[in-house]
Amino acid sequence: MNGPLVVIAPLPQVLPRGRERVELQRDHARRAVWASAAAQGSPIAELRKDSEDVPQPSRGWHWSLSHSPARVAGTVWPSSIGVDVEERRDIRPDLVDRILDAEELALFAARGEDGFLRTWTGKEALLKEFGVGLQALSRCRIVRVAAQELEMRFDDLPRIVHQRLFADHVVSVCTPEGVQPSFVVYERPLESRREVAS
Ligand SMILES: CC(C)(COP(=O)(O)OP(=O)(O)OC[C@H]1O[C@@H](n2cnc3c(N)ncnc32)[C@H](O)[C@@H]1OP(=O)(O)O)[C@@H](O)C(=O)NCCC(=O)NCCS
């Protein structure tokens with residue numbers, strides 16, 4: 001492994017409702033970040049965000065997390081990083097048009113893929129790496145599609161988004177070129193922030 005460890009874990013099967021559910025999702029996503037930090041020997045101390053919700057580095061380490069209805073993903077790394085996880089589901093056609101342009105659609109179609117969730121999570125991971133929100137979506141572009149990665153541009157800046165495509169979800173992580181992440185998938189919800197990925 002020469003890059004960040006991305007920790008993926010399920011949420012508990014029985015979840016509270018409303019605000020409590022959101023808090024639990026956020027807590028579990030932070031456990032994934034701590035598990036990644038512990039496994040990498042990162043001294044990251046606090047998971048603070050700025051007023052725009054952008055994660056702030058701690059002791060020189062950056063972090064990123066994502067929560068979906070059924071699972072969480074989190075990672076840390078000494079330079080900026082972005083991670084996203086989404087479950088496979090039926091997609092409204094108008095959403096496809098919003099997320100993928102014609103050239104991007106053609107790149108996936110040539111591979112016999114619809115590309116929607118790969119694009120969604122890939123662009124989310126890219127936006128997070130740059131610490132910007134959805135208003136910057138049009139600045140993200142896919143220029144090449146491979147089995148487990150997307151070559152992307154944020155404006156003219158090249159980035160590789162590494163992806164793991166599971167039966168019911170997709171995970172994307174955006175790293176600088178040449179930095180290869182690894183992934184660990186937990187079968188059970190993470191118990192505490194001290195749990196160490198192995
Ligand atoms: C906020 C956003 C960055 C991600 O939202 P999301 O995919 O719904 O949620 P995720 O769980 O994957 O990620 C949320 C986490 O991203 C982080 N985050 C929020 N804003 C961020 C930013 N500007 N830069 C980096 N990270 C950010 C936070 O840690 C947040 O979790 P927290 O509130 O528990 O700390 C943004 O892209 C968004 O609002 N997306 C809405 C969904 C959508 O329409 N996506 C289009 C597909 S491209």
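Our subject is the structure listed above.
Residues numbered from 1 in each chain as written. Predicted model: local features only at pLDDT ≥ 70, side-chain atom pairs only at ≥ 80, totals over all residues.

Asks: When you look at the overall build of the protein in this model, what are you seeing that I'm missing?
Replies: Helix and strand content of the protein: four helices and nine strands. Secondary structure elements of the protein, listed N to C terminal, follow the sequence β-α-β-β-β-α-α-α-β-β-β-β-β. With the principal axes as the frame, the protein shows a C-alpha extent of 45 × 35 × 35 Å. Here the protein, with 198 residues, has 39% of them falling under the buried criterion. If you take every contact in the protein between residues at least 6 apart in sequence, the share linking residues at least 24 apart comes to 58%. (Helix = DSSP H or I, 4+ residues; strand = E, 2+ residues; numbered from the N terminus. Buried ≥ 20, exposed ≤ 12 C-beta atoms within 10 Å, placed from the backbone. Contact = placed C-beta atoms within 7 Å.)

Asks: What is the right way to look at the pairing of strand β6 (residues 149–154) in this model?
Replies: Where a strand is regular, its side chains alternate between the two sheet faces. Alignment of strand β5 (residues 140–145) against β6, held across five bridges, turns out to be antiparallel. By the bridge assignment, arginine 141 is partnered in β6 with arginine 153. Linking β5 to β6, which pair antiparallel, is a turn of three residues. Pairing analysis gives six bridges linking β6 to strand β7 (residues 157–165), with the strands arranged antiparallel. Bridge pairing in β7 links arginine 153 to proline 158. Taking the residues that link successive antiparallel strands as the turn, the β6-β7 hairpin has two residues, and the phi of aspartate 155 there is positive, at about 55°. (Pairing = 2+ DSSP bridges.)

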